[in-house]
Amino acid sequence: MINSLLERTIEKRPDKVRLQGRILFLTEDPELIKRQLSGADLPWDTKSPENNPKLRDDISTDEITPAHYCFYFDETLGEIPYLGLKCRDVLPIGRSDVKKGGFVCAVSGKRRGKGSSREQSPYAEMCAGIRVVIAENIERIYKQNCQNLGLLTSTNFSLIDKIRGGKEIDLSEFTAGEDEITRQVIEYGGLFPFNVARMQKKVFLPPIKTTGEGARATHAMTLAEKIFARHMMDEKGNIGVPCVKPGDTGFARADLRFSHEYVTPMAAIFFERYVGKDAKVNDASSIIFFRDHLTFLDEVISEEKKKLGLLDLATQLKLKQQDFAAKQGIKLHGELKDRKGSEGICHSIVLESYALPGQLNIGSDSHTPHVGAIGCVAFGIGTTDVFNSWITKDVRVKVPESVKIIIRGRKYPNVTAKDFILKILSLDYVRSGKALAKVMEYAGEAIEELSVDERATMTNMAAEIGGFTGIVAPDRKAVDFLMERRGMDRKKAESMIEGLYSDPEAQYAHVIELDAAEITPMVATPGDPGNGKYVRELNTAVPVELAYGGTCTAGKNEDMDMYARVLADALKQGKKVADSVKFYIQFGSQETREYCLRKGYLDVFQKAGAHVIEPSCGACINAGPGVTTRPEQVVISAQNRNFPGRSGPGQMYLASPLTVAASAVAGYIVEYEPSQKRELVEA
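What this report covers is the structure whose coordinates are included nearby. (Residues numbered from 1 in each chain as written. Predicted model: local features only at pLDDT ≥ 70, side-chain atom pairs only at ≥ 80, totals over all residues. Heavy atoms only, no water.)

**Brief notes about the overall build of the protein chain**
On a plain count of helices and strands, the protein chain comes out with 28 helices and 24 strands. For the protein chain, whose C-alpha radius of gyration is 24 Å, the value lies close to the compact-globule estimate of 26 Å for 683 residues. Counting only C-alpha atoms, the protein chain reaches 75 × 60 × 50 Å along its principal axes. Scored against the burial criterion, the 683 residues of the protein chain give a buried share of 63%. For the protein chain, long-range pairs separated by at least 24 residues make up 75% of all intrachain contacts whose partners lie at least 6 apart in sequence. Here the protein chain has roughly 25000 Å² of accessible surface; of this, 47% comes from carbon and sulfur atoms. Across the protein chain, the centroid of the 90 positively charged side chains sits 2 Å from that of the 92 negatively charged ones. (Helix = DSSP H or I, 4+ residues; strand = E, 2+ residues; numbered from the N terminus. Rg over C-alpha atoms; globule rule 2.2 N^0.38 Å. Buried < 20%, exposed > 50% of the residue type's maximum accessible area, 1.4 Å probe, protein only. Contact = heavy atoms within 4.5 Å. Areas by Shrake-Rupley, 256 points an atom, 1.4 Å probe, with all protein chains shown as cover. Lys, Arg positive; Asp, Glu negative; His and termini not counted. Charge placed at Lys NZ, Arg CZ, Asp CG, Glu CD.)

**Quick word on helix 5 (residues 120-127)**
The buried count for helix 5 comes to seven of eight residues, which makes it a mostly enclosed element. Inspection of helix 5 places Gln120, Ser121, Pro122, Tyr123, Ala124, Glu125 and Cys127 among the buried residues, and these make up the whole buried set. Positioned one or two residues after helix 5, Gly129 has a phi angle of 110°, which is positive.

**Things to note about the nonpolar core**
Ranked by internal contacts, the top residues of the largest apolar core, which has 99 residues, are Phe228, Phe379 and Trp390. For Phe379, the contacting residues outside a window of four places in its chain are Arg140, Phe228, Leu360, Asn361, Ile362, Gly363, Thr368, Pro369, Val395, Val397 and Phe468. Val415, Ile447, Ile512 and Ala619 belong to the second largest nonpolar core, which has 41 residues in total. (Core = buried A, V, L, I, M, F, W, Y, C linked by side-chain atoms within 4.5 Å.)

**Observations regarding the layout of surface pockets**
Of the pockets and cavities examined, the largest pocket occupies roughly 810 Å³. If you trace the largest pocket, you find 31 residues lining it, with Arg140, Lys143, Glu178, Lys398 and Ala437 closest to the centre. Counting residues per element, the ones that place at least two in the lining of the largest pocket are helix 6 (140-149), strand 5 (152-154), helix 8 (172-175) and strand 13 (394-398). Tallied by class, residues from the lining of the largest pocket come to 12 nonpolar, 10 polar and nine charged. Here the second largest pocket defines a volume of roughly 650 Å³. In terms of lining, the second largest pocket is formed by 24 residues, of which the most central are Lys305, Asn622, Gly645, Gly648 and Pro649. For the lining of the second largest pocket, the residue count by class is 11 nonpolar, eight polar and five charged. (1 Å grid on protein atoms, 1.4 Å probe; cavity = no way out; pocket = protein on both sides within 12 Å on 5 of 7 lines; lining within 4 Å. Points joined across faces, edges and corners; volume = space filled by probe spheres on them. Nonpolar A, V, L, I, M, F, W, Y, C, P; charged D, E, K, R; others polar.)

**Here we look at the packing of helix 25 (residues 557-572) against helix 27 (residues 601-608)**
What describes two packed helices is the angle between their axes and the distance between those same axes. At a minimum axis separation of 9 Å, helix 25 and helix 27 run at an interaxial angle of 50°. Classed by the angle they form, the pair helix 25 and helix 27 counts as oblique. In terms of crossing hand, the pair formed by helix 25 and helix 27 is left-handed. Contact residues: helix 25 offers Met560, Asp561, Tyr563, Ala564, Leu567, Ala568 and Leu571, while helix 27 offers Tyr601, Val604, Phe605, Lys607 and Ala608. Tallied by class, the residues present in the contact of helix 25 with helix 27 amount to 10 nonpolar, no polar and two charged. (Axes fitted to C-alpha atoms, helices over the stretch in contact; angles between N-to-C directions. Parallel < 35°, antiparallel > 145°, perpendicular 65-115°, else oblique. Left-handed = near helix turned anticlockwise from the far one by under 90°.)

**Some details on the sheet that holds strand 4 (residues 132-134)**
Judged by pairing direction, the sheet is parallel, and its four strands sit side by side in the order 2-3-4-5 without closing on themselves. Strand pairing shows two members of the sheet lacking a second neighbour, strand 2 (22-25) and strand 5, which therefore form its edges. Across the sheet, the axes of successive neighbouring strands diverge by a mean angle of 20°, strand direction being ignored. Where strand 2 lies against strand 3 (residues 103-107), four bridges are found, and the strand directions are parallel. From the neighbouring strand, Leu24 faces strand 3, where its bridge partner is Ala106. (Pairing = 2+ DSSP bridges.)

**Here we look at the packing of aromatic side chains**
Evaluated as defined, the whole model comprises 20 aromatic pairs. Ring centres of Phe271 and Trp390 lie 5.9 Å apart, and the angle between their planes is 70°; on these two criteria the pair is classed as edge-to-face. You can see Phe271 sitting in helix 12 (residues 264-274) and its partner Trp390 sitting in helix 16 (residues 383-392), a full 119 residues away along the chain. The burial state of Phe271 is the same as that of Trp390; both residues are buried. One aromatic cluster is present, formed by Tyr123, Phe192, Phe270, Tyr274 and Phe387 through successive ring pairs. Between the NZ or CZ atom of Arg198 and the centre of the ring of Phe251, over which it lies, the distance is 3.8 Å. It is Lys226 that lies over the ring of Tyr501; its NZ or CZ is 4.0 Å from the centre. (Phe/Tyr/Trp six-rings, centres within 6.5 Å; stacked < 30°, edge-to-face > 60°. Lys NZ or Arg CZ within 6 Å of the ring centre and 35° of its normal.)

**Notes on the sheet that holds strand 12 (residues 377-380)**
Pairing in this open sheet of five strands is parallel, and the strands run 10-9-8-11-12 from one edge to the other. Looking along the sheet, the strands with just one partner apiece sit at the ends: strand 10 (331-333) and strand 12. Ignoring which end each strand starts from, the neighbouring axes of this sheet average 20° apart. Inspection of the sheet shows strand 11 (residues 360-363) paired to strand 12 by four bridges, in the parallel sense. For Gly363, the partnering residue across the bridge sits in strand 12 and is Gly380. With respect to the sheet, helix 15 (residues 346-354) is in contact with strand 8 (256-260), strand 9 (287-290) and strand 10, its orientation differing from that of strand 8 by roughly 150°.

**Description of the pattern of salt bridges**
In total, this model carries 50 salt bridges according to the counting rule given. Measuring nitrogen to oxygen at the nearest pair gives 3.6 Å for the salt bridge that ties Glu173 to Lys162. Taken together, the residues Glu173 in helix 8 and Lys162 in helix 7 (residues 159-164) connect sequence positions 11 residues apart. Looking at Glu173, the relative accessible area reads 28%, which means it is partly exposed. Given a relative accessible area of 31%, Lys162 falls into the partly exposed group. In this structure, Lys226 engages Asp503 in a salt bridge whose closest nitrogen and oxygen atoms are separated by 2.9 Å. Of this pair, Lys226 sits in helix 11 (residues 223-231) while Asp503 sits in the loop between helix 23 (490-496) and strand 17 (510-515), and the two are 277 residues apart along the sequence. The residues Lys226 and Asp503 share a single accessibility class, namely buried. (Salt bridge = Lys/Arg side-chain N within 4 Å of Asp/Glu carboxyl O.)

**Things to note about unusual backbone geometry**
The backbone of Tyr82 shows a phi angle near 70°, a positive value even though the residue is not glycine. Of the residues examined, Tyr82 reaches a relative accessible area of 0% and is grouped as buried. For Arg88, which is not glycine, the phi torsion reads 50° and is therefore positive.

**A look at the state of the cysteines**
Under the definition given, this model contains zero disulfides. With no disulfide of its own, Cys87 lies 17 Å from the sulfur of Cys105, the closest cysteine sulfur. Cys127 takes part in no disulfide bond, and the closest cysteine sulfur to it belongs to Cys70, at a distance of 12 Å. (Disulfide = S-S within 2.5 Å.)

**Some details on the pairing of strand 14 (residues 402-408)**
Here strand 14 lies mainly inside the structure; five of its seven residues are buried. Where strand 14 meets strand 15 (residues 439-443), five bridges bridge the pair, whose relative direction is parallel. For Ile406, the partnering residue across the bridge sits in strand 15 and is Ala443.

See below:
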């Protein structure tokens, strides 16, 4: 494998770029988009931006490439971009509209590419003819996916005039402000050609200097920085450096690499095409595959989508991953043999069975930070990063800044980690994009009292913040978790967490402080996880038709404790799930299912009228029971995202497992009121 790559011819891009074609402005006004698709070019004043129409902010990857269309993993994706883009409740872009329009540039507002790490989004844009995307700011994973594929990105709106005029643009316009490695990735036209050039020693990594002239002395570091320092490669290829600081760039050795059936097939095709059909991955023992996303798809996919062949395509995803795993000797957590469902969701299984304090883990999903709950650095990557990591066993990293989020005091018994994170997501600092690509380090008495399962809700939803990852310093709760869930010896578990804390003098980009006593049960209103408000602030009762408890975020053992607590309480009062509501509870893993069996929860769920589902990502990605089917349908869900169209056309409110279960019983959104006297308690 290495020899074939050493002989590969690799060239840099030209120093000048000329983009010949039209510009698509993704505006809030759907009529303006339709006008552009019909052939009219929208006037745009780069000198006086206040004269321009409002651009759409917060365009998620769900809107660029809706989940069902990600079953394609070839150039067919060029027919798909922006099919899910919603502007004033209108979907103005149809299949192949962008490709037919001759567009080379797409322009939008703040936080472009938020959400899932699916590389199908920039790949679909590229296959439709888009060569550059311009936005006020761009989410980390989406931006890195663009760079890895060779799609140019910019926040410089003055380029609009140059593109319109067909003028040459210096490639340096797109590399300005980037670190040395990213600059070279852009110059070589993508991550794979850069990595080949790296193997051929045509490019060189900037040294992380810790000794000698121009060096930094070892200094105070955050927890994440300490873990990065342990995993960064020096200029000689050795693993580990004495210290790092934000902005340092290089490649970090990954302890664990995982992907699921949405991503593995495209990565496998890239690997076979660019490396070789008979080539072997680097260290198959530290790679894991999961069949966890689409096991219930056939129950909810529409007849229209079946006629398009999308169900058959989904089956091809499964088969391609299965075949590649067998060929490469890679562990695959797959479907159940005796009943429908999967062994578990990737994040759930990685936390329960694999991740360890101090590790650096990468996965093909934006919620990979889930396992930061036991004190490891874990982050989502795109398809090209995945397939490159199979070659090199490392991943490109720019050490991020950290934000410390301290939640002090004690919480109410009906408040959970989900309420904490929905509160954080509603803060101006987060909503304005200032937290993008930063590490979210959670601390404070209220966090320390949370179990590892509850901490995982916080770290998991660092993805919704747009953060690089989320992490909690491992402590006695992490030790207990490793002993109880892994059967690990206490001394071994304690030795793993030694030194895994932030130094008192460590520097942070920002510190957020909250008082747990001021936080009551929250919901995020439809459209975005950042639309947080207290349940008691809802002006009128909001009736719900569907309630959903599950996914990686809310299908853990302690989440099941919460559903059972509310439903057991209801049964004692002679109540059940309201006749007007369907309540689905879905396990995150078979381990959690077994836990529920031991605790007697399945009997409680059944008696209360809840529908229990085997593990899968399911409704969260519009691929299982619990999805909406009508725009007016209201669902309250414990999942992590409520972007337009992500889980069907309905109106989705996000909430904690307690609030979801209480609302299922009441028939409308309501706080859970414990039967005991309400007072501040330790978590």
